[in-house]
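A look at the structure
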Amino acid sequence: MNHKDRRQEILDAAMALFAKRGFRGTTTRDLAAHAEVNEAIIFRHFSSKEELYRAILEEKMRQGQSSKVEELALLAKSGDDVQFLEAFGHAFLERHERDTTFMRLLLFSALEGHELSDMFLNSMPERDPIAAYIQNRIENGVFKPVDPNLAARVLVGMFFTFIQWQEIFGLKKKRSFDRNEVVRTFVSIFLTGMKTAQ
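Residues numbered from 1 in each chain as written. Predicted model: local features only at pLDDT ≥ 70, side-chain atom pairs only at ≥ 80, totals over all residues. Heavy atoms only, no water.

Along the protein chain, the regular secondary structure elements total 10 helices and zero strands. For the protein chain, the N- to C-terminal ordering of α and β elements is α-α-α-α-α-α-α-α-α-α. Considering the protein chain as a whole, with its 198 residues, one finds that 42% of them fall into the buried category. Only carbon and sulfur atoms are counted for the fraction: they give 52% of the accessible area of the protein chain, which is about 11400 Å². (Helix = DSSP H or I, 4+ residues; strand = E, 2+ residues; numbered from the N terminus. Buried < 20%, exposed > 50% of the residue type's maximum accessible area, 1.4 Å probe, protein only. Areas by Shrake-Rupley, 256 points an atom, 1.4 Å probe, with all protein chains shown as cover.)

Set out below in structure tokens:
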């Protein structure tokens, strides 16, 4: 197995354990056992547990950025609020339904007071197409003059909380929802609050 494959194997094992037990609850011995490697192999690829955790969050952020960014950028230019916001909602829900480890990692890092939750939060302004879109619509007189960052947080918060309840807390076992209905409902509520009287 080459260096790159081994590194990825360690990352995959670490993602699973950190998402299940948190940073503090996972030892390098646990990681080695889960990845089926010697503990020394882990330190050959990562100088510390912190570096490994950082690499995981960076990879997760990179995965999230690459998937739908271009599509959303094109839709943002169209000025079709429903189409743009629904595309964002679908992309957000699909990503987190497919892989809940990222959200679990973020929650653990925040609850444990880990510096990597700060790293994630500090990266958000540069990568927030929602706030930029809202700002543009405010300037064009379509949306009410509110803080675009707060408005973006409201929109993202609806989807974020929904995924937490369904996937993290397991409410999907009691009641599942049609994703199209969820997206339409949240976007409709958001736009009802944001649009100026025409």
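Another point: helix α2 (residues 28–35). Turning to α2, its buried residues number three or more, namely Thr28, Leu31, Ala32 and Ala35. Considered in projection along α2, the buried side chains sweep an arc of 100° and stay on one side of the axis. Those residues of α2 that are exposed and aimed more than 90 degrees away from the buried face are Arg29 and Ala33. A positive phi of about 60° marks Glu36, the residue just after α2. (Arc of directions from axis to C-beta.)

Let's shift gears to the pattern of salt bridges. Under the criterion given, the structure shown has seven salt bridges. Among the ionic pairs, Asp81 bridges to Lys195, the shortest N-O distance being 3.2 Å. With Asp81 in helix α5 (residues 81–98) and Lys195 in the segment after α10 (179–194), this residue pair connects regions lying 114 residues apart in the sequence. A residue is classified by how much of its surface remains accessible, and Lys195, at 35% relative accessible area, is partly exposed. The residue Arg179 makes a salt bridge to Glu97 at a minimum N-O spacing of 2.5 Å. With Arg179 in helix α10 and Glu97 in helix α5, the pair connects residues that are 82 residues apart, well separated along the chain. Assessed through its relative accessible area of 28%, Arg179 is described here as partly exposed. Salt bridges linked by common partners bring Asp81, Arg137 and Lys195 together as one network. (Salt bridge = Lys/Arg side-chain N within 4 Å of Asp/Glu carboxyl O.)

Quick look at the environment of Gln83 now. For Gln83, the position within the fold is in helix α5. Spatially, the C-alpha atoms of Gln83 and Val187 are 9.5 Å apart, while their sequence positions differ by 104 residues. Here Gln83 is in contact with Leu75 and Ser78, once residues within four sequence places are set aside. (Contact = heavy atoms within 4.5 Å.)

This brings us to the confidence of the model for the protein chain. Mean pLDDT over the protein chain works out to 85, with 89% of the residues at or above the 70 mark. Taking the mean pLDDT of every element in the protein chain, the minimum, 66, falls on helix α7 (residues 115–123) and the maximum, 97, on α10. (pLDDT = per-residue confidence, 0-100.)

In this section: unusual backbone geometry. Backbone geometry at Glu36 places phi at a positive 60°, although glycine is not the residue there. Tracing the backbone through its elements, the reader meets Glu36 in the loop between α2 and α3 (39–45). We classify Glu36 as exposed; its relative accessible area is 73%.

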